[in-house]
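Residue-level listing of the chains:
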Number of protein chains: 6
Amino acid sequence: MSRGLFIGRFQPFHLGHKSCIDFALGKVEDLIIVVGSSQISHELRNPFTAGERILMIKDSLNADPKIDHKKLLIIPIADINIHSVWSAYIRIMVPKYDTVFANDTFTKLLFNKDGTKIVEPPAHRRMELSGTLIRKRILDGLRWTHLVPLGTQRVIREVDGVSRLKQLSVISRGSGT
Amino acid sequence: MSRGLFIGRFQPFHLGHKSCIDFALGKVEDLIIVVGSSQISHELRNPFTAGERILMIKDSLNADPKIDHKKLLIIPIADINIHSVWSAYIRIMVPKYDTVFANDTFTKLLFNKDGTKIVEPPAHRRMELSGTLIRKRILDGLRWTHLVPLGTQRVIREVDGVSRLKQLSVISRGSGT
Amino acid sequence: MSRGLFIGRFQPFHLGHKSCIDFALGKVEDLIIVVGSSQISHELRNPFTAGERILMIKDSLNADPKIDHKKLLIIPIADINIHSVWSAYIRIMVPKYDTVFANDTFTKLLFNKDGTKIVEPPAHRRMELSGTLIRKRILDGLRWTHLVPLGTQRVIREVDGVSRLKQLSVISRGSGT
Amino acid sequence: MSRGLFIGRFQPFHLGHKSCIDFALGKVEDLIIVVGSSQISHELRNPFTAGERILMIKDSLNADPKIDHKKLLIIPIADINIHSVWSAYIRIMVPKYDTVFANDTFTKLLFNKDGTKIVEPPAHRRMELSGTLIRKRILDGLRWTHLVPLGTQRVIREVDGVSRLKQLSVISRGSGT
Amino acid sequence: MSRGLFIGRFQPFHLGHKSCIDFALGKVEDLIIVVGSSQISHELRNPFTAGERILMIKDSLNADPKIDHKKLLIIPIADINIHSVWSAYIRIMVPKYDTVFANDTFTKLLFNKDGTKIVEPPAHRRMELSGTLIRKRILDGLRWTHLVPLGTQRVIREVDGVSRLKQLSVISRGSGT
Amino acid sequence: MSRGLFIGRFQPFHLGHKSCIDFALGKVEDLIIVVGSSQISHELRNPFTAGERILMIKDSLNADPKIDHKKLLIIPIADINIHSVWSAYIRIMVPKYDTVFANDTFTKLLFNKDGTKIVEPPAHRRMELSGTLIRKRILDGLRWTHLVPLGTQRVIREVDGVSRLKQLSVISRGSGT
């Protein structure tokens, strides 16, 4: 049996993430989606809570009839501020896995140390499909809904995410107190 | 739409837990199963890691054809050692819910404070189906497999859980150093 | 100028504490009342939150016309789990002081290390006026209101403290899960 | 009965803060002044310890005969690095309140979530009365004493705050090691 | 090259520990002595600070001319309260090792998981040479100095350890507050 | 007897650090080398784990026949994020000392508060011998081995430190996710 791990912050969950999950589900029998930095929210780079991000993912995957939910777990993991111990921490928080799906250098650096097998999902419109760019488009008032699944659109609308992001942007531009 | 929350430590996941989940799934559309004290393991009262407990639950529910996995989330939550903030912490870690399924006084005490609706699942062989008693039966060499789903049996066998529990029992009886 | 420090957990604030404060205010010009273990509540030994304990103290002292509130500070301090650093932690959290009022051996042990001047307030009905005994009387349904100021009585009534304590007592007697 | 909450970092306590407190005391019966980020000090943006900041506030308010100290509490609160739980944490650390006095967007964002009533004190010489600008004036050797109460001036002098700030400025400009 | 790890709490460092170190130095080229629970002190079971325990070990080993100090490291490690990650944490805190010297079941349980080679030093007067028993003898006023090296005796005398232990014993017997 | 403290992050250990140690060993009988920020690694400014840094120091000092290892301790200390308590924390983690060797303003600021004696080692090729510059030279592909002892060179080679640093540099330049 093979089980994969796909790690992201999902701020927010977008079509690039969705395409990685589809790719991974073609390679392994079971897949664990780790919602990283789960304790962080209400920051410009991390506007959404773990609960909101889990719901974005769950709703988006529920809408896809090709996905078998028996094969999926969505697990939030808080940071533990000791980088070198992070991969050991993940290992006790989720069922045993044999493959990590990752594009980012940091995940690769930390899991390489362990000798875990790492697979890079093919890039899918990498220039557009990035949390950073999507957050920027939302702030700039540009169109962004075509870059995320309907589940993500719905959650952002329900929690009034656009105006939260704008308030966080005001805060991060700072104001003496 | 209604979403429920069912909280347990699941040390290990047993048939009483399974029966609560069946009960809850009859009352709400979606159910979030919270694996509490997720950071704790390798203690006599908490022998199994979060990953192992999640797997016990997932495998046991996968074996039940009546369960619709689109309606389920299994979320590990670490303790945060400030009791009064615990229910607020859970609220940001999981999607919004309206009902908490709980039998234990402590969960009821902390969620009551918030005005959350609490439902007590009917007791199901409460005398037998208790994590404490099952751990004790394992230690005493009594039959215990009839008290847990096959998924739990399989995980305990794979991680050599019986001998881990016995080692932890030796440790807790203490030995000067 | 002299400033004193009086440390307690105040679970709950009782007439013995009040009499220590009266004693201390006769010895120093300013007094800082430290509400220790401020992060802990909803435990059998620590039923009340920091906010509730601060209110017990504030209301009780407000009711005493002899007390000059310009001379008082009430400061909650969380535990920091490294005993030897605790007195250094208190020193940065409160204005500078020269005298510690303390009866308990542990406070004396940790502040002695620093060379701080320690004064023991005279014992005042020590057998009766103890948080442990008052919590026990509440649980046993015995009369307890004569042992605490009116402010404490009022706060316990408002937060339904008696039934909280009874629920915590049920919990601590344990119940397998 | 109405009780208000006024939150600041008070690095240092200045006349703008004082004017907010005067405003708030006209609106509520009791006022809790929360000294935020209490665990932080000896940083360029946060030079003063909680104890020093509490003393600035206490001394400044003691000097004002119009203030009734029975109505006031000054409570240091440490950060808890999980933004969404911060307002829940404050709620257990202080007596119950019904109004929050706040100008900054972040406090408003987090308390809005809870449905707490938020009142914005009128801006008072906002351009001048800002902790950031006052720290900058101190570093630049400009006049700053007219922007803070006498209590703040006295504390800064006693702890040699000007030279501490200059040392912290040297540090933050960095130096390879 | 071979490097060993020897872990203990050393409350206090006694002749049994010394004999384990001698044994280990016969098996490996380099030895790392880990002073565990380094953040804990001033408790009945853990009376001494990490600094005091390090000094007990260092002074005792300095007194033994057979020991080559180039081969030794003494490293304090704080607990990290997530048992399953503890061995991963140790691995980043000390130079790479290939052998763990351990008698206690818990260390063996956690390192076994990793596949690390574990060697049990031969028991040396196990009935007498135990931290628990030595602390008890000190408290009971029995002779204990023959059970620890001169370095340990000297440190305990210098920090007035006997009276600290007696104060901690009074505290742990409890006293209502 | 006199004992000194020399604190650094040692990212990596270089000839400037070595020369400070030689200087300090001429002034005090015993020397404690504190490896600061021990919990941090795998960051651009802090690439190496505590274990790796300890090994750099140990191997480099072992290679110097003039050094008496009985006089030395190498102690990793984790940050504790409350600056004002840091010097108190160090005091319990290491044996008692009377002199601190320090060049950096921050260490001087925090220890000055305590009245500890501070000695500044003479600057030794300060322009070249800096961790920041050495990390930059490694990243830029410039010669750097002449700036560190052989022990440091060997450890960096063994853990493939040059390529780790380059990966961390890629990460810190960021990439949207």
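Here the structure is shown first, and the text comes after it.
Since the structure is predicted, the reported quantities are computational estimates derived from the model, not experimental observations.

Caption draft 1: Seen up close, the overall build of chain A. For chain A, the count of helices and strands is 7 helices and 5 strands. Sequence-ordered secondary structure for chain A, helices as α and strands as β, is β-α-β-α-β-α-β-α-β-α-α-α. Taken over C-alpha atoms, the radius of gyration comes to 16 Å for chain A, in line with the 16 Å a tight globule of 177 residues would show. If one aligns the C-alpha atoms of chain A with their principal axes, the spans along those axes are about 50 × 40 × 25 Å. For chain A, restricting intrachain contacts to residue pairs at least 6 apart in sequence, the fraction spanning at least 24 positions comes to 66%. Accessible area of chain A: about 7200 Å², with a carbon and sulfur share of 52%. Once the 26 positive and 17 negative side-chain charges of chain A are each reduced to a mean point, those two points are 3 Å apart.

Caption draft 2: Quick look at the interface of chain D and chain A. Each partner contributes to the interface: chain D provides 15 residues, whereas chain A provides 12 residues. Between chain D and chain A, roughly 1100 Å² of surface is buried when both sides are summed, and carbon and sulfur atoms account for 61% of that area. The largest per-residue losses of area from chain D upon contact with chain A belong to H83, T105 and L109 of chain D, which jointly make up 41% of the total buried on that side. Linking chain D with chain A are 0 salt bridges, by the criterion used here. Seen at the junction of chain D and chain A, the total is 0 residue pairs in polar contact (both at pLDDT 80 or more). Looking at the side of chain D that touches chain A, the elements that each hand over two or more residues are α3 (83-93), α4 (105-112) and α5 (131-140) of chain D. Sort the elements by how many residues they give to the side of chain D that touches chain A and α4 of chain D lands first, with 4 residues.

Caption draft 3: Representation of the nonpolar core. L31 of chain A, L5 and V94 of chain B, L31 of chain C together with L5 and V94 of chain D are the most contacted members of the largest nonpolar core, which has 111 residues in total. A per-element tally of this core places α3 of chain D first, with 7 residues. Formed by 110 residues, the second largest nonpolar core is a distinct cluster that contains L73 of chain A, I156 of chain B, V94 of chain E together with F48 of chain F.

Caption draft 4: Spatial organisation of the relation of the copies chain D and chain A. Superposition of chain D onto chain A requires a rotation of 120 degrees combined with a translation of 0.0 Å along the rotation axis, giving an RMSD of 0.0 Å. A rotation of that kind, with that shift, is consistent with a three-fold axis. In terms of C-alpha distance to the rotation axis, chain D has N81 of chain D as its closest residue, with the C-alpha 6.9 Å off the axis.

Caption draft 5: Focus on the arrangement of the chains. A gap remains between chain A and chain C, with no contact made and the closest C-alpha atoms lying 18 Å from each other. In this view chain B stays clear of chain F, with the nearest C-alpha atoms of the two still 18 Å from each other.

Caption draft 6: Molecular detail of the packing of helix α3 (residues 83-93) of chain F against helix α4 (residues 105-112) of chain F. All names here are of chain F. Look at α3 against α4: their axes get within 9 Å of each other, and the N-to-C directions meet at 75 degrees. If you check the angle between α3 and α4, you find them roughly perpendicular. Mapping the contact onto sequence places H83, W86, S87 and I90 in α3 and F106, T107, L110 and F111 in α4. Its residues placed into classes, the contact of α3 with α4 shows 5 nonpolar, 3 polar and no charged.

Caption draft 7: Up close: the interface of chain B and chain A. Residue-level contacts link 21 residues of chain B with 21 residues of chain A. The largest share of the area that chain B buries against chain A comes from K70, I92 and M93 of chain B, three residues that together contribute 26% of it. Applying the counting rule to chain B against chain A returns 0 salt bridges. There are 10 residue pairs in polar contact (both at pLDDT 80 or more) connecting chain B and chain A.

Caption draft 8: Focus on the relation of the copies chain B and chain A. Of the two same-sequence chains, chain B is brought onto chain A (RMSD 0.0 Å, axial shift 0.0 Å) by a rotation of 180 degrees. What the superposition gives is, in effect, a two-fold axis relating one chain to the other. The residues that chain B uses at the interface reappear at the interface of chain A in 100% of cases, marking a shared surface.

Caption draft 9: Structural view of the environment of N62 of chain B. Among the structural elements, N62 of chain B can be located in helix α2 (residues 50-62). The sequence separation of N62 of chain B and G151 of chain B amounts to 89 residues, and the corresponding C-alpha distance is 8.7 Å. Aside from chain neighbours lying at most four places away, what touches N62 of chain B is K70 of chain A together with H69 of chain B.

Caption draft 10: Looking closely at unusual backbone geometry. Looking along the chain, the bond that leaves Q11 of chain A and enters P12 of chain A is cis, with omega of 0 degrees. Its location among the elements puts P12 of chain A in the loop between β1 (3-8) and α1 (15-25). Residue D160 of chain A is not a glycine yet carries a positive backbone phi of 55 degrees. Within the element layout of this structure, D160 of chain A appears in the loop between α6 (150-158) and α7 (161-172). A residue is classified by how much of its surface remains accessible, and D160 of chain A, at 47% relative accessible area, is partly exposed. Phi at H42 of chain B is positive, roughly 55 degrees, even though this residue is not glycine. In this structure, H42 of chain B sits in the loop between β2 (30-35) and α2. Judged by its relative accessible area of 3%, H42 of chain B falls in the buried class.

Caption draft 11: Spotlight on the pairing of β2 of chain B. Residue and element names in this part refer to chain B. By the criterion of burial, β2 is predominantly enclosed, with 6 of the 6 residues buried. Alternating residues of β2 divide into D30, I32 and V34 and L31, I33 and V35, and every residue in both groups is buried. In this fold, the crossover linking strand β1 (residues 3-8) to β2 by way of helix α1 (residues 15-25) has right-handed handedness. Bridge analysis of β2 against strand β3 (residues 72-76) gives 5 bridges, and the strand direction is parallel. Each bridged residue has a counterpart across the sheet, and for V35 the counterpart in β3 is P76. Taken together, β2, α2 and β3 constitute a β-α-β crossover, and its handedness is right-handed.

Caption draft 12: Looking closely at the side chain of T99 of chain A. All names here are of chain A. Secondary-structure assignment places T99 in strand β4 (residues 99-101). On the basis of relative accessibility, which here comes to 5%, the residue T99 falls in the buried class. Engagement of the side chain of T99 in a polar contact is seen with the side chain of D98, the distance being 3.0 Å. Residues within four places of T99 in sequence aside, it is in contact with R3, G4, L5, V28, K117 and V119.

Caption draft 13: Examining the sheet that holds β1 of chain B more closely. Residue and element names in this part refer to chain B. Spatially, the 5 strands line up as an open sheet ordered β3-β2-β1-β4-β5, and their pairing is parallel. Each edge of the open sheet is held by one strand with a lone partner, namely β3 and β5 (117-119). Across the sheet, the axes of successive neighbouring strands diverge by a mean angle of 25 degrees, strand direction being ignored. Pairing of β1 with strand β4 (residues 99-101), which is carried by 3 bridges, proceeds in the parallel orientation. Looking across to β4, one finds that L5 is bridged to V100. Here α1 sits on the sheet in contact with β1, β2, β3, β4 and β5, set at roughly 150 degrees to β2.

Caption draft 14: Representation of the packing of aromatic side chains. Counted under the stated rule, the structure contains 25 aromatic pairs over all chains. Where W86 of chain F meets F111 of chain F, the ring centres are 5.9 Å apart and the plane angle is 65 degrees; that geometry is what we call edge-to-face. Of this pair, W86 of chain F sits in helix α3 while F111 of chain F sits in helix α4, and the two are 25 residues apart along the sequence. Taken as a pair, W86 of chain F and F111 of chain F share a single burial class, namely buried. A network of ring pairs unites the aromatic residues F6, F10 and F13 of chain A as a single cluster.

The rules we used
Residues numbered from 1 in each chain as written. Chains lettered and ligands numbered in written order. Predicted model: local features only at pLDDT ≥ 70, side-chain atom pairs only at ≥ 80, totals over all residues. Heavy atoms only, no water. Helix = DSSP H or I, 4+ residues; strand = E, 2+ residues; numbered from the N terminus. Rg over C-alpha atoms; globule rule 2.2 N^0.38 Å. Contact = heavy atoms within 4.5 Å. Areas by Shrake-Rupley, 256 points an atom, 1.4 Å probe, with all protein chains shown as cover. Lys, Arg positive; Asp, Glu negative; His and termini not counted. Charge placed at Lys NZ, Arg CZ, Asp CG, Glu CD. Buried area = accessible area lost by both parts, 1.4 Å probe. Salt bridge = Lys/Arg side-chain N within 4 Å of Asp/Glu carboxyl O. Polar contact = N/O pair within 3.5 Å; in protein donor to acceptor, adjacent residues only side chain to side chain. Core = buried A, V, L, I, M, F, W, Y, C linked by side-chain atoms within 4.5 Å. Buried < 20%, exposed > 50% of the residue type's maximum accessible area, 1.4 Å probe, protein only. Least-squares fit on C-alpha atoms with pLDDT ≥ 70 in both. Axes fitted to C-alpha atoms, helices over the stretch in contact; angles between N-to-C directions. Parallel < 35°, antiparallel > 145°, perpendicular 65-115°, else oblique. Nonpolar A, V, L, I, M, F, W, Y, C, P; charged D, E, K, R; others polar. Right-handed = clockwise from strand over helix to strand, strands pointing away. Pairing = 2+ DSSP bridges. Phe/Tyr/Trp six-rings, centres within 6.5 Å; stacked < 30°, edge-to-face > 60°.

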